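# Tertiary structure, described
Each chain, letter by letter, is given below.
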Amino acid sequence: MYLVLLGPPGAGKGTQAKRLAERLALPHISTGDILRQNVKAGTDLGKQAKGIMDQGLLVGDDLVAKMLDERFNNLDIKKGFILDGYPRTLSQAKTLDEILSNKKLAVDLVVYLNASDAVIVKRLTGRLVCSKCGANFHVTNMPPKAKGICDSCQASLYQRSDDNEVTVRKRLEVYKNEVASLIEYYTKSKKLYSLNADLDPGIVLEQVIELSAKV
Ligand SMILES: [Zn+2]
């Protein structure tokens, strides 16, 4: 089952992707992780990416596509994957289809985690991030056991500077403009399902699993 997860920041995409990967026993693939792994391992693509990032620039679509292509050669995706954070644009969606089709694979299901602006603002402005392991907490929805301290590694938690309401609303606008063409693309190919991601993450997870069983 080749599943793509779409959703605005704060819709719970990363968390759902992780849980789905466990439940469905499929690899969780995120382009952010692939990029970091390539850089860390010092692969050719990683070195190219590092050079670009060191100049303060964003890694271009071509390079990301090459990394994905390579990642998809790994046999662990034989039965499927949970793809998170990619595609973000129509051109990336087309690239993804191309890469997969060259390997005689295709996206089966695209789930759009549709959360309302109010809920996203509440989630993101209360978010706390661990300075060491990157674990996420929330001041009201998921507070750490000890105030300001990570449950798993005991490092200090901080609030990201872009997790304030004005910036969050701006990020949402940008995302909505970007995702509109993706929604149209995947609706046309009848692969898109939109779920209400304001609901409890546990409920949303079960709904995605139900959908995936029908594919
Ligand atoms: Zn931590």
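This write-up is about the structure you can find in this document. (Residues numbered from 1 in each chain as written. Predicted model: local features only at pLDDT ≥ 70, side-chain atom pairs only at ≥ 80, totals over all residues. Heavy atoms only, no water.)

## Quick word on the overall build of the protein chain
- Across its full length, the protein chain holds eight helices and eight strands.
- Against the 2.2 N^0.38 benchmark of 17 Å for 215 residues, the protein chain shows a C-alpha radius of gyration of 18 Å, consistent with a compact globule.
- For the protein chain, the spread of C-alpha atoms along the three principal axes comes to 50 × 40 × 35 Å.
- In the protein chain, which comprises 215 residues, the proportion classed as buried is 40%.
- Considering only intrachain contacts with a sequence separation of at least 6, the fraction spanning at least 24 residues in the protein chain is 69%.
- Side-chain charges of the protein chain comprise 31 positive and 25 negative groups, with the mean position of each set lying 3 Å from the other. (Helix = DSSP H or I, 4+ residues; strand = E, 2+ residues; numbered from the N terminus. Rg over C-alpha atoms; globule rule 2.2 N^0.38 Å. Buried < 20%, exposed > 50% of the residue type's maximum accessible area, 1.4 Å probe, protein only. Contact = heavy atoms within 4.5 Å. Lys, Arg positive; Asp, Glu negative; His and termini not counted. Charge placed at Lys NZ, Arg CZ, Asp CG, Glu CD.)

## Observations regarding the packing of aromatic side chains
- Inspection of the entire model under this criterion finds three aromatic pairs.
- Judged by centre distance (5.0 Å) and plane angle (80 degrees), the rings of tyrosine 2 and phenylalanine 81 are edge-to-face. Remark: phenylalanine 81 occurs in strand E3 (residues 81–84) and tyrosine 2 occurs in strand E1 (residues 2–6); sequence separation between them is 79 residues.
- Taking relative accessible area as the criterion, phenylalanine 81 reaches 0% and is therefore assigned buried.
- With centroids separated by 5.0 Å and ring planes inclined at 15 degrees, the aromatic side chains of phenylalanine 72 and phenylalanine 81 adopt a geometry described as stacked.
- Relative accessible area serves as the criterion here: at 4%, phenylalanine 72 is assigned to the buried category. (Phe/Tyr/Trp six-rings, centres within 6.5 Å; stacked < 30°, edge-to-face > 60°.)

## Points about the coordination of the zinc ion
- Protein coordination at the zinc ion comes from Cys130 (SG), Cys133 (SG), Cys150 (SG) and Cys153 (SG), with a distance range of 2.3 Å.
- Of note is the zinc ion, whose four donor atoms meet at the metal with angles of 99 to 117 degrees in an arrangement that counts as tetrahedral.
- Mapped onto the sequence, the donors of the zinc ion take the spacing C-x2-C-x16-C-x2-C.
- Residue cysteine 153 is classed as partly exposed on the basis of its relative accessible area, which comes to 22%. (Donors = N, O, S within 2.8 Å, 3.2 Å for Na, K, Ca; no water. Tetrahedral: all angles 85-135°; square planar, octahedral: opposite > 155°, others 65-115°.)

## A few points about the nonpolar core
- Ranked by internal contacts, the top residues of the largest apolar core, which has 31 residues, are Leu6, Phe72 and Leu96.
- Among the elements that line this core, the one with the most residues is helix H4 (residues 61–71), at five residues.
- Leaving out residues up to four positions away in the same chain, leucine 96 has contacts with Val4, Phe72, Leu83, Tyr86, Pro87, Val107 and Tyr186.
- Counting 25 residues, the second largest nonpolar core, distinct from the first, contains Ala11, Val111, Leu195 and Ala197. (Core = buried A, V, L, I, M, F, W, Y, C linked by side-chain atoms within 4.5 Å.)

## Details of the pattern of salt bridges
- Evaluation of the coordinates by the stated rule reveals 14 salt bridges.
- Put simply, aspartate 162 and arginine 171 hold a salt bridge, and the shortest N to O gap is 3.9 Å.
- Given a relative accessible area of 24%, aspartate 162 falls into the partly exposed group.
- Where salt bridges share partners, they join Arg127, Arg160, Asp162, Asp163 and Arg171 into one cluster. (Salt bridge = Lys/Arg side-chain N within 4 Å of Asp/Glu carboxyl O.)

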